[in-house]
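The residues making up each chain are set out below.
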Amino acid sequence: MAIRNIVILGNATLRKKSKPVTSFDQSLGILLDDMKATMIEKKGVGISAVQVGVLRRAIVVETEPGKYLEIINPEIVKTKGKVKDTEGCLSIPGFYCDVPRPRYVKITAQDRHGKTFEFEAEDYIARCVCHEIDHLNGVLFVDLTEEGREYKKEHGVE
Ligand code: NI
């Protein structure tokens, strides 16, 4: 496993829409292993492929301490509620703010072998999954709040 460089806010790659994963091959496995290693090294709780510069719809989320879920080609099928809580992002080091997110989310996705599964999450994990899915669409948490928009303005980054 290798630690990859994290793409930081201001780099146009973060704003691109990631493409679906179509090959469930060895290189996908290597990408996911590297994403997980990079996330652990940088002390994150979620990471998307675009954050290591790969525009594919792949995510890794820490669902409980030391337990990691690989989420490929996710689709949100249901959300419930709304709750505000603090978020950060490996691509925006040092900035945190409260962001509204669904309290519950249900997704369908594929694993690294292409097998489809359903996953339900609440609260903190639901927040994490929604944050990472936003990354796949070029959306960052700083786009979603006034504080975040101020941060972008102050730093002259988009
Ligand atoms: Ni992020």
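Reference entry: report on the structure contained in this document. (Residues numbered from 1 in each chain as written. Predicted model: local features only at pLDDT ≥ 70, side-chain atom pairs only at ≥ 80, totals over all residues. Heavy atoms only, no water.)

### Here we look at the layout of surface pockets
Roughly 360 Å³ of volume is contained in the largest pocket. Lining the largest pocket are 22 residues, and of these G44, V45, G88, C89 and L90 lie nearest its centre. Residue assignment for the lining of the largest pocket shows that the elements contributing at least two residues are β4 (83–87) and α2 (123–136). With 6 residues, the top contributor of residues to the lining of the largest pocket is α2. (1 Å grid on protein atoms, 1.4 Å probe; cavity = no way out; pocket = protein on both sides within 12 Å on 5 of 7 lines; lining within 4 Å. Points joined across faces, edges and corners; volume = space filled by probe spheres on them. Helix = DSSP H or I, 4+ residues; strand = E, 2+ residues; numbered from the N terminus.)

### A few points about the coordination of the nickel ion
Protein ligation of the nickel ion involves C89 (SG), H131 (NE2) and H135 (NE2), the donor distances falling in the range 2.1 to 2.3 Å. Going along the chain, you hit the donors of the nickel ion in the pattern C-x41-H-x3-H. Remark: H135 occurs in helix α2 and C89 occurs in the loop between β4 and β5 (97–101); sequence separation between them is 46 residues. (Donors = N, O, S within 2.8 Å, 3.2 Å for Na, K, Ca; no water.)

### Thoughts on a negative patch on the surface
Taken together, D85, D98, D123 and E147 make up a surface patch of like negative charges. Tracing the chain through its elements places D123 in helix α2. (Patch = residues over 30% accessible without salt bridge, like charges linked within 9 Å, V, L, I, M, F, W, Y side chains within 5 Å. Areas by Shrake-Rupley, 256 points an atom, 1.4 Å probe, with all protein chains shown as cover. Salt bridge = Lys/Arg side-chain N within 4 Å of Asp/Glu carboxyl O. Lys, Arg positive; Asp, Glu negative; His and termini not counted. Charge placed at Lys NZ, Arg CZ, Asp CG, Glu CD.)

### What about the packing of aromatic side chains?
Under the criterion given, the structure shown has 2 aromatic pairs. Summarising the aromatic geometry, the rings of F95 and F141 are spaced 5.9 Å apart at their centres and angled 25 degrees between planes, so their arrangement reads as stacked. Linking F95 in the loop between β4 and β5 with F141 in the loop between α2 and α3 (146–155), this pair joins segments that are 46 residues apart in sequence. Just as F95 is buried, F141 falls in that class too. Taken together, the ring pairs connect F95, F141 and Y151 into an aromatic cluster. Directly above the aromatic system of Y104 lies the positively charged group of K80, at a separation of 4.7 Å from the ring centroid. (Phe/Tyr/Trp six-rings, centres within 6.5 Å; stacked < 30°, edge-to-face > 60°. Buried < 20%, exposed > 50% of the residue type's maximum accessible area, 1.4 Å probe, protein only. Lys NZ or Arg CZ within 6 Å of the ring centre and 35° of its normal.)

As far as function goes, none of this settles anything; it's purely spatial.
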